[in-house]
Amino acid sequence: MPAFAVSARHGQLDGHGLEGFYRAGRRLVGRLQLRVGGVEPLPVQGRRAGADRVRFVGTVRTGAEAGPDPAVVVERVRHAAGVERITLHSSSTRVLRLTLEAELGTDLAELSAVAAGHDRREVPASVHESGLRWRPLPALADPGREPDAAPADAGGAGARATDPARTGTAPGGGAPAAGAHGGAETHGGAARGGGVRGGAVRGDGVRGGTAHRSGGRGAAAVPGGGVRSAEGSGGGGGGGGGAPGVGALVTAEPPPDDVIAAAGLLRWQLELAPGGSRTLELRIGTDQAAPRELPPVPWSPAAAAAGDDPRVAPLLDTALDDLRTLLLRDPAEPADVHLVAGVPWRCALAPADALWAARMLLPLGTRLAAGTLRAVARTWPAAPAAGAQEPARLPGTLRDSGPHLPPAATGVEATLLFPAVLAEARRWGLPERDLDGLLPAAERCLAWLRAAADDRGFVPDPAPGGPYRCETQAHAHRAALLGAELLDVCGRPGAAEWRQWAAALRERFRAVFWTEDVAGGRPAAALAPDGRPLTHLGSPAAHLLPTAADALGCAPANGNATPDTAAPASPDGNAAPVADSAPGLLDKAQTGQLAHLLGGPALDSGWGLRSLGAAEPGFNPFGHRAGAVHVHETAVAVAGLFTAGYDKEAGALLRGFLDAAGHFGHHLPEMYAGDQRTAGGAPLPHPAACRPSAVAAAAAVHILTALAGVAPDIPAGTVAARPPATAPLGAVQLTGWRLAEEPFAVRVSRLGLAVVEEVAPGFQLGS
């Protein structure tokens, strides 16, 4: 589980809410307050200094100044790995003799308890070498978990397998109660340190928080005025807690002159020469074994993006920085690396999020996808539950679905994603040995799908009983088609039956889920168990759009050969849509109407795609599934609209996405508020969002890949590049991408024409 730190922008750890240094799901230090000459530094600046660290600057007046200018600057660099470097800089013309004090304390609480707002009870400190040590009180040595706590695989500390609306669980995982920071910033990382990002205030009214994490690699920030940094520990993977009995150690270099355990106080008597500096370092860790070696980064360090739009390069660089902080080794097989869902609430393997992120990152190589698929496959129940009526599916928590639907089962989504991700990874060059080892798990997913579908072929979520969500049918349709592809290439039976099943589902969906109205119709968000269509409009409908994998083999919207192969633009600014060789659930006319809806003001907030339309009953711009903008679904919509040829709607969503990313320093949170954009405004941070978030960071790669229209089929020896004909960001160049783990580079001109600049020998450049 990642290590991370959370603090307010002023840099002092006051022990409020979520503040503190965390490792293995336990808060090692909750208070760390500096005083110079008995005075707290006046905060001047707190900002991210990297994916794994934050830099705070304050000033101190010593009383010897002749005027109002402070003579001492206090600089603190906080690393997610548990290192704080404190430097005092003197501008005085005389020698200064100062007392520096660091007051520390901790409750050694598990993250799940902190998130739930449990009362804070500090444990006593003792002197240990050049610092302090805290051991759990007897009552805390084996705190256990609440009866409804979710398993570690389900998605993070404090996640519950029950209805989030009833339990108060935060979206997708932890439950930030009134005492938890909502504005912390998170940075992920593999044994690195913390980063800084603005933090949003939560229910405790605390100044925005900041967090950094260590254990994977990297860091992330939270909305508002605070900072969070994180780094993956490369171990554990558990959903919220260190081992029972874990204690904390703080060591100092140089050693303090005084250690007062009863007050948790370290004190130094410092002498600063005129214009001189002194640096001290605090190291925070556990009294148990050191963390394992950091996980390797499964993509090339050469991955880069550039273009006419200056936001392209920092978007990718920052996304990869955040993703590095979220990498963890699978404890069952340390050679396999996957991404945790996000910091601070979802610091474990969440199968659906991990698969989504791996899928979006396939253009950077297949190693992450292979490790993720294997790690997810290991979460499968060893045997069906007693009395089960159908094969077991992948595990997962229930996730809030807004005011109109009951919670959805993320395990259903993961089970349907698994064969699709495996098939797409094969197209991007997944080695055959990996494919052969993962095929049995994909077949288990298909077996569950066959058993879960009702007499009409619709898949309930949760199963059994429903409702029948439109996005679940889209995932099922794609799983059937891509699963059939896997069965074919691996010489397994059943491919033809799955294609027939998908075709029948497609026809039934178009007839039953599409609802006509005076505005041109819309897809039902879901069918109630009694068959009644629920017609509220939201971002899940974006999953009905075709993907590049669906469109592989189609005539190009714009090829990479000559200008006369480009599809003409229609009067409304869109490229002429092309027929799908592997059609999606909607026909051409329905897809066009959906594109119109996705680009309309009800769903497009100006910053991205709302999870629920602004005109729908129950709309709440901060609602997890009631109006907030989810970054990865905005990316799904942008890519799908480009693939279908609706460049105008895609371009508008893309520009809003990039503008929002800029306001967040390109460190995209999992979600943000769905308020309508206004002139001079900015997107509002969501107090419960993870930042960094695996799917949000991966969405940046997904969108950049869509701008180049790259669609490979490595087993067939072909690579197509079909960028949008409208070139919405002008020229774009992607380098260091990977096809079959070999370098790949593509450049898109301002005319919307693609030129493949680097590719392994033997590949045919298709269109």
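Above: the structure in question.
Calculation rules
Residues numbered from 1 in each chain as written. Predicted model: local features only at pLDDT ≥ 70, side-chain atom pairs only at ≥ 80, totals over all residues. Heavy atoms only, no water. 1 Å grid on protein atoms, 1.4 Å probe; cavity = no way out; pocket = protein on both sides within 12 Å on 5 of 7 lines; lining within 4 Å. Points joined across faces, edges and corners; volume = space filled by probe spheres on them. Helix = DSSP H or I, 4+ residues; strand = E, 2+ residues; numbered from the N terminus. Pairing = 2+ DSSP bridges. Axes fitted to C-alpha atoms, helices over the stretch in contact; angles between N-to-C directions. Buried < 20%, exposed > 50% of the residue type's maximum accessible area, 1.4 Å probe, protein only. Contact = heavy atoms within 4.5 Å. Phe/Tyr/Trp six-rings, centres within 6.5 Å; stacked < 30°, edge-to-face > 60°. Lys NZ or Arg CZ within 6 Å of the ring centre and 35° of its normal.

Draft legend 1. Looking closely at empty space enclosed by the protein. Inspection of the entire model under this criterion finds eight cavities of 30 Å³ or more. Taken as a whole, the second largest cavity holds about 360 Å³ of empty space. In terms of lining, the second largest cavity is formed by 30 residues, of which the most central are R469, E471, P540, R625 and E633. When contributions to the lining of the second largest cavity are tallied by element, the ones reaching two or more residues are β25 (408-409), α6 (410-427), α8 (470-489) and α12 (631-644). Ranked by the residues each element gives to the lining of the second largest cavity, the list is headed by α8, at four residues.

Draft legend 2. Molecular detail of the sheet that holds strand β17 (residues 248-253). Strand order in the open sheet formed by eight strands is β6-β7-β8-β9-β20-β17-β12-β11, with antiparallel pairing between adjacent strands. The two strands at the open ends of the sheet, each matched to only one other strand, are β6 (42-50) and β11 (125-128). Strand-to-strand twist across the sheet, computed as the mean angle between neighbouring axes with direction ignored, equals 20°. Taken together, the seven bridges between strand β9 (residues 83-90) and strand β20 (residues 277-286) define a ladder with antiparallel strand orientation. The residue of β20 that forms the bridge with I86 is L280.

Draft legend 3. View of the pairing of strand β35 (residues 732-739). With respect to burial, β35 is a largely interior element, six of its eight residues being buried. Where strand β21 (residues 304-307) meets β35, four bridges bridge the pair, whose relative direction is antiparallel. Its bridge partner lying in β35, G307 is registered against V732. In this structure, β35 lies alongside strand β36 (residues 742-748), joined through six bridges in antiparallel fashion. When the bridges of β36 are listed, L734 appears paired with V746. What sits between the antiparallel neighbours β35 and β36 is a turn of two residues, in which A740 has the positive phi angle 55°.

Draft legend 4. Molecular detail of the sheet that holds strand β30 (residues 533-534). Pairing in this open sheet of three strands is antiparallel, and the strands run β26-β29-β30 from one edge to the other. Each edge of the open sheet carries a strand with a single partner, namely β26 (468-469) and β30. Judged from the two bridges that link them, β26 and strand β29 (residues 526-527) form a sheet pairing that is antiparallel. Residue pairing across strands places Y468 opposite L527, the latter belonging to β29.

Draft legend 5. Representation of helix α4 (residues 351-360) within the structure. Of all 10 residues that make up α4, 10 are buried, and the element is covered over most of its length. When we look at burial in α4, the residues that qualify are P351, A352, D353, A354, L355, W356, A357, A358, R359 and M360. On the buried face of α4, the contacting elements are β23 (333-339), α5 (367-377), α6, α8, α12 and α14 (694-708).

Draft legend 6. Representation of the packing of aromatic side chains. For the coordinates displayed, the defined rule picks out five aromatic pairs. Considering the side-chain rings of F509 and F513, the 4.3 Å spacing of their centres and the 10° angle between planes classify their relative orientation as stacked. F513 carries the same exposure label as F509, and that label is buried. Taken together, the aromatic side chains of F458, F509 and F513 make up a single cluster linked through ring pairs. Lying over the aromatic face of W356, R359 brings its terminal NZ or CZ to 5.3 Å of the ring centre.

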